[in-house]
Amino acid sequence: MAALQSSTLEAIVGNQAQLQRSWLEALEAKGAARNIREQDLRQETRDFLQLVIDGLGRESSTHIGAEGWEETRRFLEKLSASRAQVGQESHQTAFFIFALKGPLFDLLQAHYREQPALLAEQLWEISSLFDAFGLHTIRTYQKNREAVIKRQQEELLELSTPVVKLWEGVLALPLIGTLDSQRSQTVMESLLQRIVDTGSEIAIIDITGVPTVDTLVAQHLLKTVTAIRLMGADCIISGVRPQIAQTIVHLGLDLGTLTTKSNLADALKLALSRLGTTAGERV
Amino acid sequence: MERIPILQMGEFLLVTIQVDMHDQLALRLQDDLTDRIEHTSARGVLIDISALDMVDSFIGRMIATISGLSRIMDAETVLVGMQPAVAITLVELGLTLPGVSTALNVDRGMHLLRKRVGRP
């Protein structure tokens, strides 16, 4: 495929103001200009057109990974981020780019009226270039979103595993939310480490905040309990709600030698009696 | 040749593993310990593995075997001081050491042993 002709670039440069005007109209008509100040939009369209013109002058390739398009890429990344901030979706940002195609095609059609073969070729080149621009904004938008999700996931993981000391020698771990493999690993590690640090003999895992207990969750719990026992401490599971008890029995799960209590208070009472103290005594 | 010392404390035997456990060492410990139990007619064995920070399935199985052996020879066995990483590894390997008593540290392990053999 032949590269863009210099006369195409000249046509764009010569009609820059006209292009921008039609582009703004197209954006307005499709409602893509909502939530954005007219002044900003005018500025953005002018900047982008200028960048495209500069880029076309510098770079013969329409592959946007090329060096000559770096500034344009950076502009699009910034645009995508700012659009995401005002709550626009990815396709709206992409439409910002695609809306320029219409006016541009009209311009080229007028310019190459006498040379249909050349017109088709140049249209194809311009079209693929703008498609790549549009896709780039979507990709950036997606990447930003994924970064946010990943950060939140990590924060959630850290937030959700607090090990609290209930009594001298008694640790409690209130679990909230679903237990997956990664989380149960974090939970197990932090609980075991705290048992070593504090020398606690009894750990209570409270599952009141765990919405469902399936075979996988039960397996994770059993693993944690076994590891605690291997280290020489005891473990009590508390907060087993009626629905969860039913599920466990219906699934036929064997909780083995696990001690379970319906609430944290009962578990603490049991823990204290095993330690040989009662709640009234000072430890 | 390297070997793991077995200390006698009254009617209990104390085994402290302070070096990297390799297979030959574990097998030797097994022989030594059973001999010592027979010799001293010990009532209890305390195995301290707090310095052990790496185990494989063989060592895990050896720990279980040694505790089983001493139990058969009428000596209560308590395993003390297992590190979190070791506990997690053993669980992941499926070695849950059923029937082996455990304690957090030597002090508590001794306490547990005395209780087990009926001496306060």
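Note that the structure is a prediction, hence the values are computed from the model and not measured.

Calculation criteria
Residues numbered from 1 in each chain as written. Chains lettered and ligands numbered in written order. Predicted model: local features only at pLDDT ≥ 70, side-chain atom pairs only at ≥ 80, totals over all residues. Heavy atoms only, no water. Helix = DSSP H or I, 4+ residues; strand = E, 2+ residues; numbered from the N terminus. Buried < 20%, exposed > 50% of the residue type's maximum accessible area, 1.4 Å probe, protein only. Contact = heavy atoms within 4.5 Å. Lys, Arg positive; Asp, Glu negative; His and termini not counted. Charge placed at Lys NZ, Arg CZ, Asp CG, Glu CD. Arc of directions from axis to C-beta. Buried area = accessible area lost by both parts, 1.4 Å probe. Salt bridge = Lys/Arg side-chain N within 4 Å of Asp/Glu carboxyl O. Polar contact = N/O pair within 3.5 Å; in protein donor to acceptor, adjacent residues only side chain to side chain. Nonpolar A, V, L, I, M, F, W, Y, C, P; charged D, E, K, R; others polar. pLDDT = per-residue confidence, 0-100. Pairing = 2+ DSSP bridges. Axes fitted to C-alpha atoms, helices over the stretch in contact; angles between N-to-C directions. Parallel < 35°, antiparallel > 145°, perpendicular 65-115°, else oblique. Left-handed = near helix turned anticlockwise from the far one by under 90°.

### Observations concerning the overall build of chain B
Within chain B, the secondary structure is distributed over four helices and five strands. Walking chain B from its N terminus toward its C terminus, one meets helices and strands in the order β-β-α-β-α-β-α-β-α. If one aligns the C-alpha atoms of chain B with their principal axes, the spans along those axes are about 35 × 30 × 20 Å. In chain B, buried positions account for 49% of the 120 residues. Sequence-distant contacts, at least 24 apart, represent 72% of the contacts inside chain B between residues at least 6 apart. The centroid of the 11 positive side-chain charges in chain B is displaced by 9 Å from the centroid of its 15 negative side-chain charges.

### Observations regarding helix α4 (residues 106-116) of chain B
All names here are of chain B. Along α4, the residues that are buried comprise Gly109, Met110, Leu112 and Leu113. With its buried residues spanning 165° around the axis, α4 presents them on a single face. Pointing more than 90 degrees away from the buried face of α4 are the exposed residues Asp107, His111 and Lys115. Looking at the packing, one finds that the buried side of α4 touches β1 (6-9), β2 (12-16), β3 (44-48), β4 (76-80) and β5 (101-103). Of the residues trailing α4, Gly118 is marked for its positive phi of about 80°.

### Some words on the interface of chain A and chain B
At the junction of the two partners, chain A supplies 18 residues and chain B supplies 17 residues. When the buried surface of chain A facing chain B is broken down by residue, Arg229(A), Leu230(A) and Met231(A) rank first, second and third, together holding 41% of it. Applying the counting rule to chain A against chain B returns two salt bridges. Glu201(A) is the partner of Arg108(B) in a salt bridge, and the nearest nitrogen-oxygen pair spans 3.0 Å. For the pair chain A and chain B, the number of links is eight residue pairs in polar contact (both at pLDDT 80 or more). Going through the elements one at a time, α8 (181-198) and α9 (215-230) of chain A are the ones with two or more residues in the side of chain A that touches chain B. At seven residues, the largest contribution of residues to the side of chain A that touches chain B is made by α8(A). The class makeup of the residues in the side of chain A that touches chain B is eight nonpolar, six polar and four charged.

### Quick notes on the confidence of the model for chain A
For chain A, the average pLDDT comes to 83, and 94% of its residues sit at 70 or higher. Within chain A, helix α1 (residues 6-14) of chain A has the poorest average pLDDT of any element, 80, and strand β4 (residues 234-238) of chain A the best, 93.

### A word on the sheet that holds β4(B)
All names here are of chain B. Here we have five strands laid out as an open sheet, ordered β1-β2-β3-β4-β5, and mixed in their pairing. The two strands at the open ends of the sheet, each matched to only one other strand, are β1 and β5. With strand direction ignored, the average angle separating the axes of adjacent strands in the sheet is 25°. Bridge analysis of β1 against β2 gives four bridges, and the strand direction is antiparallel. Its bridge partner lying in β2, Leu7 is registered against Leu14.

### Observations regarding the packing of α8(A) against α9(A)
Residue and element names in this part refer to chain A. It is at 10 Å that the axes of α8 and α9 come closest, and there the two elements cross at 20°. When the interaxial angle is binned, α8 and α9 end up roughly parallel. Note that α8 runs across α9; the crossing there is right-handed. Side by side, α8 and α9 meet where Ser181, Ser184, Met188, Leu191, Leu192 and Ile195 of the first sit next to His220, Lys223, Thr224, Ala227 and Ile228 of the second. Broken down by class, the residue content of the contact of α8 with α9 amounts to six nonpolar, four polar and one charged.

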